[in-house]
Amino acid sequence: MTGATGANHANHFEVVGRIVAIEPLRYTPAGVQIVRFTLQHASEQQEAGAVRNVGFEMSCVATESLARLTAQAPLGTNARLGGFLAPRTKAGRTLEVHVQSIQFE
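So, here is what we can say about the structure in this document. For every chain, the first residue of the written sequence is number 1, and numbering continues from 1 along that sequence. Per-residue local features of the predicted model are confined to residues with pLDDT of at least 70, and side-chain atom pairs are confined, for both listing and counting, to 80 or more; whole-chain, interface and lining totals are unaffected and use all residues. Here the side-chain values reflect all heavy atoms present in the structure, with hydrogen atoms and water set aside.

### Let's talk about the overall build of the protein chain
- In DSSP terms, a helix is any run of H or I states spanning at least four residues, a strand is any run of E spanning at least two, and both are numbered starting from the N terminus. Helices and strands together make up the secondary structure of the protein chain, namely one helix and six strands.
- Along the protein chain, helices and strands appear, N-terminal first, in the series β-β-β-β-α-β-β.
- Across its three principal directions, the C-alpha atoms of the protein chain cover 50 × 40 × 20 Å.
- Burial status across the protein chain gives 28% buried among its 105 residues.
- A contact between two residues is defined here by any heavy atoms of the two lying within 4.5 Å. Counting only contacts in the protein chain whose residues sit at least 6 apart along the sequence, the fraction spanning at least 24 positions is 54%.
- Surface accessibility of the protein chain: about 7,000 Å² in total, with carbon and sulfur atoms responsible for 52%.
- For the protein chain, the distance from the average site of its 9 positive side-chain charges to the average site of its 8 negative ones is 8 Å. Working definition: with a 1.4 Å probe on protein chains only, accessible area under 20% of the residue-type maximum means buried, over 50% means exposed, and in between means partly exposed. Per-residue accessibility takes into account occlusion by the displayed protein chains alone, with areas from the Shrake-Rupley method and a 1.4 Å probe. For the purpose of charge, His is not counted, nor are the chain termini; Lys and Arg are scored as positive and Asp and Glu as negative. Charged side chains are reduced to one point each, which is NZ for Lys, CZ for Arg, CG for Asp and CD for Glu.

Written out as structure tokens, the structure reads:
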């Protein structure tokens, strides 16, 4: 196993859901456009030979062109997100999806 900065540590996340909350578009102190939003997911998954109903809400953050695009999406819009998981704050333990791709469905 390589160290935490090794190239073999995958961190890619993909999820489909519905946008249920969007904060206003803003700028970070470094001048980067950012928008935080909440995605609600519901699906049926196979686990141990049984069907499991899965439902959750998760925090997401998009920057620059993806932030501008997401900020204009109406609440209730279905979206497919791709990105990576990271703590919401530098010292935090709560994760959020950092969006690297988004498709509205």
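Now, onward.
### With respect to the pattern of salt bridges
- Salt bridge, as applied in this entry: a Lys or Arg side-chain nitrogen positioned within 4 Å of an Asp or Glu carboxyl oxygen. Tallied over the entire structure, the rule returns six salt bridges.
- One salt bridge in this structure joins Glu-14 and Arg-80, with 3.5 Å as the shortest N-O distance. Residue Glu-14 is found in strand S1 (residues 13-22), and its partner Arg-80 is found in strand S5 (residues 78-87); the two are separated by 66 residues along the sequence.
- Taking the shortest distance from any N to any O, the salt bridge between Glu-96 and Arg-88 comes out at 3.7 Å.
- The exposure class of Glu-96 is buried, given its relative accessible area of 1%.
- By relative accessible area, Arg-88 is classed as partly exposed at 36%.
- One network of salt bridges, with partners in common, ties together Glu-14, Arg-80 and Glu-105.

### Let's talk about the nonpolar core
- For our purposes a nonpolar core is just a set of buried Ala, Val, Leu, Ile, Met, Phe, Trp, Tyr and Cys residues, chained together by side-chain atoms within 4.5 Å. The biggest cluster of nonpolar side chains holds 16 residues, and the ones touching the most others in it are Phe-37, Leu-39, Cys-60, Ala-62, Leu-81 and Val-99.
- Those elements that place two or more of their residues in this core are S1, strand S3 (33-47), strand S4 (50-63), helix H1 (64-71), S5 and strand S6 (95-104).
- Once residues within four sequence positions are removed from consideration, Leu-39 is found in contact with Val-15, Val-16, Gly-17, Arg-18, Ile-19, Phe-56, Glu-57, Met-58, Cys-60, Ala-79 and Leu-81.

### Topic: the side chain of Thr-77
- Secondary-structure assignment places Thr-77 in the loop between H1 and S5.
- Take Thr-77: its relative accessible area is 16%, and that puts it in the buried class.
- Side-chain atoms alone can form a polar contact between residues adjacent in sequence; in general such a contact is a pair of N or O atoms within 3.5 Å, and within protein one must be able to donate a hydrogen while the other accepts it. Here the side chain of Thr-77 touches Pro-74 through a polar contact of 2.6 Å, landing on its backbone oxygen.
- With residues near it in sequence (within four places) discarded, Thr-77 still touches Gly-17, Arg-18, Ile-19 and Phe-104.

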